[in-house]
Amino acid sequence: MSGGSDSGRITLQTLADHLGVSRTTASNAYNRPDQLSDELRERILAAAAELGYQGPAAAARMLRTGRAGAIGVLFTEDLRFVFDDPNTARFLHGVAETSALAQTGLMLLPVPAGVDVADTAIPNVAVDGVIAFSVPEGHPALDALLARRAPTVIVDQPDLGATTSFVGVDDRAGARAAAQHLLDLGHRRIGVLLPRPPVGDRPGPVASARLGELDLRVGRARLAGYRDALAGAGLDPDGLVVWAAESLGIDAGREAATDFLISRPELTGVLCYADQLAIGAAQAAGSIGRSVPDDLSIVGFDDVPRAATWDPPLTTIHQPLVDKGRAAAELLLSEIDDGIRRRVDLPVGLLVRSSSAPPPHRT
């Protein structure tokens with residue numbers, strides 16, 4: 001072999017020298033195949049395989065093309081959350097499906113609580129754009145992301161208007177439909193279970209004066225929808241009893257709902273921010289001797305797969321989680337190509353199953 005390797009390392013120059021072609025010609029086999037005949041490109045790739053050359057370094061390729069060939073997904077949770085939370089898993093299924101069809105890589109960018117954003121990949125990761133999945137308002141990870149001035153799609157929250165592309169659903173309308181369902185069944189003593197309290201508060205009862213300080217836009221929108229339904233029925237929206245869990249999950253929902261139902265035994269219906277909390281609430285009801293739906297009706301939101309197979313199957317608001325992932329990836333890839341920001345609002349709908357029924361005693 002001719003020169004061009006560094007201490008035995010196989011480089012693009014090694015490959016070019018081996019074939020007796022220019023370095024540019026060898027590079028074109030990877031980056032500009034239209035510049036070569038099929039025969040020459042196949043000869044270069046065959047020689048690369050023989051020599052053990054893996055192709056141009058990603059950083060060098062990015063310098064030449066201006067593209068990293070990958071997109072990122074930012075979420076403010078531990079990496080394990082992606083695989084444990086069914087909402088996130090289904091959303092990422094849609095993102096991965098679309099990015100794979102576009103032959104684009106996908107990088108997960110977790111920012112767990114208590115971790116300095118400067119110590120994560122966010123400031124310097126080599127991606128062409130990022131999807132920010134359900135980030136609390138004011139979170140420093142979002143500030144760091146927007147400071148990159150790269151194409152960005154925000155999913156669910158926060159809604160920054162025309163400054164970024166956005167994908168979401170009509171959370172307020174979905175929540176209104178959930179509450180209206182219980183009202184139509186005859187329920188008047190209704191509670192709401194949230195995934196976490198306002199910043200600075202502890203899990204437990206949430207005062208009406210604090211509801212506007214939730215740091216999740218989705219939470220505020222769903223609460224507004226619940227209150228809309230009560231007001232439309234001639235009831236005082238402030239009569240809605242609200243309780244906050246420690247976090248979003250079945251275990252947290254079960255723990256919070258146990259305290260909730262014991263402290264407010266008059267409740268005949270519970271509206272849950274998410275199906276995970278609703279499943280936990282159903283477990284809590286059973287543990288304290290309350291039957292679902294004979295003694296207590298429960299309505300969730302999201303329609304995760306487990307909602308349909310739970311006993312009893314969960315009445316919930318369906319949102320297209322996989323389609324949401326597809327839409328986010330499609331918007332990001334389009335913005336990377338043309339620089340145009342877009343917005344997609346996906347539909348929601350009530351699915352009535354067996355976890356809701358008329359209250360045991362109409363009042």
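Because the structure is predicted, anything quoted here is derived from the model rather than measured.

About the cut-offs
Residues numbered from 1 in each chain as written. Predicted model: local features only at pLDDT ≥ 70, side-chain atom pairs only at ≥ 80, totals over all residues. Heavy atoms only, no water. 1 Å grid on protein atoms, 1.4 Å probe; cavity = no way out; pocket = protein on both sides within 12 Å on 5 of 7 lines; lining within 4 Å. Points joined across faces, edges and corners; volume = space filled by probe spheres on them. Helix = DSSP H or I, 4+ residues; strand = E, 2+ residues; numbered from the N terminus. Nonpolar A, V, L, I, M, F, W, Y, C, P; charged D, E, K, R; others polar. Buried < 20%, exposed > 50% of the residue type's maximum accessible area, 1.4 Å probe, protein only. Polar contact = N/O pair within 3.5 Å; in protein donor to acceptor, adjacent residues only side chain to side chain. pLDDT = per-residue confidence, 0-100. Contact = heavy atoms within 4.5 Å. Core = buried A, V, L, I, M, F, W, Y, C linked by side-chain atoms within 4.5 Å.

J.: In this structure, what is going on with the layout of surface pockets? I would like to understand it.
T.: Any empty space left between atoms is shown by rolling a water-sized probe over those atoms. In this structure, the largest pocket spans a volume of roughly 830 Å³. If you go around the largest pocket, you meet 43 residues; those closest to its centre are Glu-77, Ser-134, Pro-136, Arg-196 and Leu-216. Ranked by the residues each element gives to the lining of the largest pocket, the list is headed by helix α6 (residues 86-101), at three residues. Considered class by class, the residues forming the lining of the largest pocket number 22 nonpolar, 10 polar and 11 charged.

J.: I'm lost on helix α1 (residues 12-19) in this one. Help?
T.: One turn of the α-helix equals 3.6 residues, which is why residues spaced by three or four share an orientation. Regarding α1, the residues found buried are Leu-12, Thr-14, Leu-15, Ala-16 and Leu-19. N-cap assignment for α1: the residue whose side-chain oxygen lies 3.3 Å from the backbone N of Gln-13 is Thr-11. Following α1 by one or two positions, Gly-20 adopts a phi angle in the positive range, close to 75°.

J.: Teacher, can you tell me more about the confidence of the model for the protein here?
T.: Reading predicted coordinates in detail is not appropriate for stretches of low pLDDT. Looking at the protein, the pLDDT average stands at 90 and 92% of residues meet or exceed 70. A low-confidence stretch, residues 1-7 (pLDDT under 50), is modelled with 12 contacts involving residues beyond four sequence positions or located in other chains.

J.: Quick question: what am I supposed to make of the nonpolar core here?
T.: Soluble globular proteins tend to bury their nonpolar side chains together. By size, the foremost hydrophobic cluster in this structure holds 55 residues, and its most contacted members are Val-192, Leu-193, Leu-223, Tyr-226, Leu-271, Cys-272 and Ile-298. Elements supplying a minimum of two residues to this core: α8 (171-185), β6 (190-194), α9 (217-232), β8 (241-244), α10 (250-263), β9 (269-272), α11 (275-287) and β10 (297-299). At seven residues, the largest contribution of residues to this core is made by α11. When residues no more than four places from it in sequence are discounted, the contact partners of Leu-271 are Ala-178, Ala-179, Leu-182, Ile-190, Gly-191, Val-192, Leu-193, Tyr-226 and Val-299. Counting 21 residues, the second largest nonpolar core, distinct from the first, contains Ile-71, Phe-133, Ala-328 and Leu-331.

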